[in-house]
Amino acid sequence: MMRKFSKQLSCLLAILLFVASLAGCGSSSSSGKEKIEVFSTKNAENTEILQSMATEFEKTHKNVNVEIVSPSDAGTVLKTRLTKGNLPDVLAMGGDATFMELQKAGTLEDLSKKSYVNSVQPAYKKMVTSISKGSGLYGVPYATNASGVLYNKTLFKKAGVKVPQTWDQFIAAMQKLKKAGIQPLELTFKDSWTTLPIWNGLAGSLQSKDFTTQRLKNKTTFAKTHQEIAQKYLQILNYAQPDFMGTTYNDGNKAFALGKAAMLLNGNYVIPELKKTNKKIDVDMFPLPASNDAAQNRITSGVDVLLAVSKSSANKEAAEQFISFMMKKSNAQKYVDDQFAFSAIKGVEQQDASVSGIRNNIADGHVVNFPDHYYPAGFDLASLLSNLSLNAENGMTTNKNVTQFLKKADTSYNTANVQN
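Worth saying up front: this structure is predicted, and the values here are computed from it rather than measured.

> Can you help me understand the overall build of the protein in this one?
Across its full length, the protein holds 18 helices and ten strands. Its C-alpha atoms give the protein principal-axis dimensions of about 105 × 50 × 35 Å. Counting across all 420 residues of the protein, residues that qualify as buried make up 51%. Across the protein, the fraction of contacts at a sequence separation of at least 24, relative to all contacts at a separation of at least 6, is 76%. Carbon and sulfur atoms make up 51% of the accessible area of the protein, which amounts to about 19500 Å² in all. Across the protein, 48 positive and 36 negative side-chain charges occur, with their mean positions spaced 3 Å apart.

> Could you clarify how one ought to interpret the layout of surface pockets in this entry?
Rolled over the atoms, a probe sized like a water molecule indicates the empty space that remains. There is about 1500 Å³ of room inside the largest pocket. Around the largest pocket sit 44 residues that line it, and K42, D96, N145, D304 and H373 are the ones nearest its centre. Mapped onto the lining of the largest pocket, the elements with two or more residues apiece are α3 (74-83), α4 (97-104), β4 (140-152), α8 (196-206), β8 (299-309), α15 (329-339) and α17 (381-393). The element that contributes the greatest number of residues to the lining of the largest pocket is α3, accounting for five residues. Along the lines of polarity and charge, the residues of the lining of the largest pocket split into 20 nonpolar, 15 polar and nine charged.

> Looking at this structure, I do not really get the packing of helix α11 (residues 227-237) against α17. What am I missing?
Two quantities define a packed helix pair, namely the angle between the helix axes and the distance between the axes. Contact geometry of α11 with α17 gives a least axis separation of 10 Å together with a crossing angle of 55°. As the angle between them shows, α11 and α17 are arranged oblique. Crossing handedness for the pair α11 and α17: right-handed. Within the contact between the two elements, α11 uses Y233, L234 and L237 and α17 uses L385, L388, S389 and A392. Classifying every residue of the contact of α11 with α17 by side-chain character gives six nonpolar, one polar and no charged.

> What is the right way to look at the environment of D210 in this model?
Within the secondary structure layout, D210 lies in the loop between α8 and α9 (211-216). Taking the relative accessible area as the measure of exposure, D210 reaches 41% and is therefore partly exposed. Once the C-alpha coordinates of D210 and S330 are considered, the two residues, 120 residues apart in sequence, prove to be 37 Å apart.

> Help me understand the pairing of β4, please; the structure alone is not making it clear to me.
Looking along a regular strand, one sees side chains alternate from face to face of the sheet. Buried residues dominate β4, accounting for 13 of its 13 residues. Pairing between β4 and β8: seven bridges, direction antiparallel. Each residue of the ladder has a partner; that of V140, found in β8, is L307. Judged from the five bridges that link them, β4 and strand β6 (residues 263-267) form a sheet pairing that is antiparallel. Within β6, the residue paired with Y151 across the bridge is M263.

> Is there a simple way to explain the side chain of S313 in this structure?
Along the chain, the position of S313 falls in the loop between β8 and α14 (316-327). For S313, the side chain forms a polar contact with the side chain of D89, separated by 2.7 Å.

> Hey, could you run me through the packing of aromatic side chains in this one?
Describing an aromatic ring pair means giving the distance of the ring centres and the angle of the ring planes. All chains considered together, the criterion is met by 18 aromatic pairs. Aromatic pair Y375 and Y413: ring centres 6.3 Å apart, planes at 85°, arrangement edge-to-face. Taken together, the residues Y375 in the loop between β10 (367-368) and α17 and Y413 in helix α18 (residues 398-416) connect sequence positions 38 residues apart. Residue class for Y375 comes out buried when judged on its relative accessible area of 7%.

Calculation notes
Residues numbered from 1 in each chain as written. Predicted model: local features only at pLDDT ≥ 70, side-chain atom pairs only at ≥ 80, totals over all residues. Heavy atoms only, no water. Helix = DSSP H or I, 4+ residues; strand = E, 2+ residues; numbered from the N terminus. Buried < 20%, exposed > 50% of the residue type's maximum accessible area, 1.4 Å probe, protein only. Contact = heavy atoms within 4.5 Å. Areas by Shrake-Rupley, 256 points an atom, 1.4 Å probe, with all protein chains shown as cover. Lys, Arg positive; Asp, Glu negative; His and termini not counted. Charge placed at Lys NZ, Arg CZ, Asp CG, Glu CD. 1 Å grid on protein atoms, 1.4 Å probe; cavity = no way out; pocket = protein on both sides within 12 Å on 5 of 7 lines; lining within 4 Å. Points joined across faces, edges and corners; volume = space filled by probe spheres on them. Nonpolar A, V, L, I, M, F, W, Y, C, P; charged D, E, K, R; others polar. Axes fitted to C-alpha atoms, helices over the stretch in contact; angles between N-to-C directions. Parallel < 35°, antiparallel > 145°, perpendicular 65-115°, else oblique. Left-handed = near helix turned anticlockwise from the far one by under 90°. Pairing = 2+ DSSP bridges. Polar contact = N/O pair within 3.5 Å; in protein donor to acceptor, adjacent residues only side chain to side chain. Phe/Tyr/Trp six-rings, centres within 6.5 Å; stacked < 30°, edge-to-face > 60°.

Written out as structure tokens, the structure is:
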């Protein structure tokens, strides 16, 4: 009888040890709490605010431990973890090519039926669904940014220039500034990524709505459809400072902040940098008026941060609870105020006066996504635009330059578009 009892006790202990070992595997922290990993692709930019929000979340969710992870080469890290089937529980990432890759691999949860999705502006939901495979919403738009024309209000007033609403007015404004002895534009093309905001501003408003889909299917080309866009791009360069190809992002920002140029073509994220140089700069933004139809000219605004949940997460409920917490208006407001961003959530607005010129565009959803968000990974448009600009600086004729650029763009795109 005693031997039988000892055998039963041994079995019971073995079972308890097995259960205990399971409790220590991945899904729980050493304290016995559920653990969720929140992975941010913005390096250290938003780590502090995310950690602050995680701490607040843990106060009301005593059984959950939130770990914020933000490696320097986040895109590469994510792709490596994808191949190993070890994705984070929650992803805070851009609505870009990396998101497309993860979503098309079938690794993300469809969050379209979650109640917090109802608070998202339709325009931003459409941006995410339009780059997704299937009809679901695999990432919830959270924070957004905007790209357009930053302008020095003091210099505009000095030259008697009003904010242009059309392309012709934009060119006339630059001519008037130049006549008044004011440098119209400061461009920073030594850092090649800064060639993209002009392209996105023009293509966003001028290219056909179905261009992205048709181009992915190889049913159209840049050469057939983007002549006007490339020509207007080159026309803008005529109003830049003489050394725009050798000016860095930091040096150009400093020059603009000190009043050496009236306009800078980039995004709202530049403004905090400008104010570090000149706290008193009177700056605002307006959409790049690519067309002579004012109604067609929308601000370029994309999903800077979306929130997604991995299908492989062991703690999906806790992961979704954290996202729901982040989506509360008060928390979304804290985030945009901290990051000088805009919000995809209805009723949450960036109140800073330096973006008042585009606030209504964002709030009303009169926006268009960054065209380059839809390009396949490996399509290096920035290098092509740098070459286009360098050719212009070296005196190549517009027709030859545009033809050569568009041909190279199609060749490069086709190479990168491996799905076809």
